[in-house]
Amino acid sequence: MKKIIRTATVAVISILLAAGISCTDNEQFRVNGTIEGKPTINLRAAYWADGAYRQLLTASRDGEFEFFGSSKTPAVVDIMDHEYRVIGRIYIANGQNVECTLDRSNPFNISASGNETVEKWTRFLKENADSLRSGSGTANAIIGRYVKANPADVVSTLLMLTAFDASADPAGADSLLFSIDVSARPSSLTSGYNFLLERLITAADTINPIVYFDAATGKGATFRPEDSGRSMIVFSTEDSPSRDSLLTAMRRLRRKYEKKELEIVDISLDRDTVVWKNHIRRDSATWRQGWAAGAMAAPGINGIGINRLPFAVVCDSAGATLYRGPSIASAEKAADI
């Protein structure tokens, strides 16, 4: 009799668990991933869903990770490493399970499966990974061609919102985005993107002091906007695209302006000082070079809203932002007053 009761109890529990799992599947999504190189690091996932901005923490152990979230409508989820650098993006909604493979050195080098849109989107990203990462001009041209050829495809919207550099041509970007069919441009995506964009812009209205490790002195230093009439702060890593263009712009500006007129600070967001020192040793810099512990999470940097690298900020002596964005040409123009 006891055996029968135990068997019946197990059966009931199994049914309840199955029911619970089924319910959970409809109320959340699941992401399984692998990171090339098999790192063990903390990860952060962030997305806009159902009228709220959501973040969650997880970890990669030997390159494997898993997390759960909730979004009634399909959402873009940014997957970031422990230094707040985006290493991949996926498109997912409740009831779906997406599996992905990420590359920390290039967020466009991503593979994913789980729904038709994420598969099509990441296939395009992977096929064009090097070009998309090479700079805004090349990336914008590739994305522009895709959007014009696929106005009824939600992937066009995803590319415009996550990979197109609107700062290079705001009017053209707006026109291109609104050339996409309404059916392929869901408000859940565009409103979420606009919220995040406004959040970043608001956070970056004023540049605060930034503490960093200085290359010239080997000690801690602080950048303060009031020390110069204008300042240009650039952020990059060893593997950032357009590094040569960045160096050319800084050299040109330093030749033209003295430090009191224009301060130039080149801040590395590399994972450690060894990598940083290796990547700047041939720069022959005549400007300030530094490394920020904590990268994008570092005090003074975490409120700037860096969404890709390289990234530049130009401000006046009061810290008011004159330019912020990934366009080196636009930053140089703003600094060259």
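Residues numbered from 1 in each chain as written. Predicted model: local features only at pLDDT ≥ 70, side-chain atom pairs only at ≥ 80, totals over all residues. Heavy atoms only, no water.

Across the 6 residues of strand β5 (residues 75-80), 6 count as buried, placing the element largely inside the fold. The two faces of β5 match: A75, V77 and I79 on one face and V76, D78 and M80 on the other face are all buried. As judged from the 4 bridges shared by strand β2 (residues 41-49) and β5, these two strands associate in the antiparallel manner. Residue pairing for β5: R44 is matched across the bridge by M80. Here 6 bridges tie β5 to strand β6 (residues 86-92), and the two strands are oriented antiparallel to one another. Each bridged residue has a counterpart across the sheet, and for A75 the counterpart in β6 is I92. (Buried < 20%, exposed > 50% of the residue type's maximum accessible area, 1.4 Å probe, protein only. Helix = DSSP H or I, 4+ residues; strand = E, 2+ residues; numbered from the N terminus. Pairing = 2+ DSSP bridges.)

Okay, the packing of helix α2 (residues 116-127) against helix α5 (residues 154-162) next. Across the interface, α2 lies against α5 with an axial gap of 10 Å and an inter-helix angle of 55°. Overall, the two elements α2 and α5 adopt an arrangement that is oblique. For the element pair α2 and α5, the recorded crossing hand is right-handed. From α2, T117, K120, W121, F124 and L125 reach across to α5, where they touch V154, V155, L158, L159 and T162. Along the lines of polarity and charge, the residues of the contact of α2 with α5 split into 7 nonpolar, 2 polar and 1 charged. (Axes fitted to C-alpha atoms, helices over the stretch in contact; angles between N-to-C directions. Parallel < 35°, antiparallel > 145°, perpendicular 65-115°, else oblique. Left-handed = near helix turned anticlockwise from the far one by under 90°. Contact = heavy atoms within 4.5 Å. Nonpolar A, V, L, I, M, F, W, Y, C, P; charged D, E, K, R; others polar.)

For the rest of this paragraph, the subject is the environment of F67. Along the polypeptide, F67 turns up in strand β4 (residues 64-69). Remark: the alpha-carbon pair of F67 and V31, spanning 36 residues in sequence, is separated by 5.4 Å. If sequence neighbours within four positions are ignored, F67 has contacts with F29, R30, V31, A45, L56, T58, V77 and I79.

Turning our eyes to something else, we now look at helix α8 (residues 243-256). Each full turn of the α-helix corresponds to 3.6 residues, which orients residues three or four apart in the same direction. Spanning 14 residues, α8 covers 20 Å between terminal C-alpha atoms, matching the ideal 20 Å at 1.5 Å per step. Listing the buried residues of α8 in full gives R243, L246, L247, A249, M250, L253 and R254. Considered in projection along α8, the buried side chains sweep an arc of 160° and stay on one side of the axis. Exposed residues on α8 whose side chains face more than 90 degrees from its buried face are D244, R255 and K256. (Expected span 1.5 Å × (residues − 1). Arc of directions from axis to C-beta.)

For the rest of this paragraph, the subject is the pattern of salt bridges. With the rule as written, the count across this model stands at 10 salt bridges. Residue R54 is joined to D50 by a salt bridge in which the shortest nitrogen-to-oxygen separation is 3.8 Å. Look at D50 and you get partly exposed, because its relative accessible area is 35%. With a shortest N-O distance of 3.8 Å, E263 and K259 are connected by a salt bridge. Under the relative-accessibility criterion, E263 is labelled buried at 3%. (Salt bridge = Lys/Arg side-chain N within 4 Å of Asp/Glu carboxyl O.)

Here we take up the sheet that holds strand β8 (residues 111-113). Strand pairing in a sheet relies on backbone hydrogen bonds, with the paired strands running either antiparallel or parallel. Overall, mixed pairing links the 4 strands, which are arranged β4-β1-β7-β8 in an open sheet. Since the sheet does not close on itself, it has two edges, and those belong to β4 and β8, each with one partner. Taken pair by pair, the neighbouring strands of this sheet meet at an average axis angle of 15°, ignoring direction. Along the sheet, α2 contacts β7 (97-102) and β8; its crossing angle with β8, the most-contacted strand, is approximately 170°.

Before going further, it helps to examine the packing of aromatic side chains. Counted according to the given criterion, the structure contains 4 aromatic pairs. Residues F213 and W276 carry aromatic rings whose centres are separated by 6.1 Å and whose planes lie at 85° to one another, so their mutual orientation is edge-to-face. You can see F213 sitting in strand β9 (residues 210-214) and its partner W276 sitting in helix α9 (residues 273-280), a full 63 residues away along the chain. We classify F213 as partly exposed; its relative accessible area is 28%. For R230, the ring lying beneath its charged end belongs to Y257, and the centroid distance is 5.0 Å. (Phe/Tyr/Trp six-rings, centres within 6.5 Å; stacked < 30°, edge-to-face > 60°. Lys NZ or Arg CZ within 6 Å of the ring centre and 35° of its normal.)

Turning our eyes to something else, we now look at the packing of α8 against helix α10 (residues 328-335). A pair of packed helices can be characterised by two numbers: the angle between their axes and the separation between those axes. For the pair α8 and α10, the least separation of the axes is 10 Å and the interaxial angle reads 10°. By the criterion of interaxial angle, the relationship of α8 to α10 is roughly parallel. Here S245, L246, A249, R252 and L253 of α8 lie close against α10, whose contacting residues are I328, E332 and A335.

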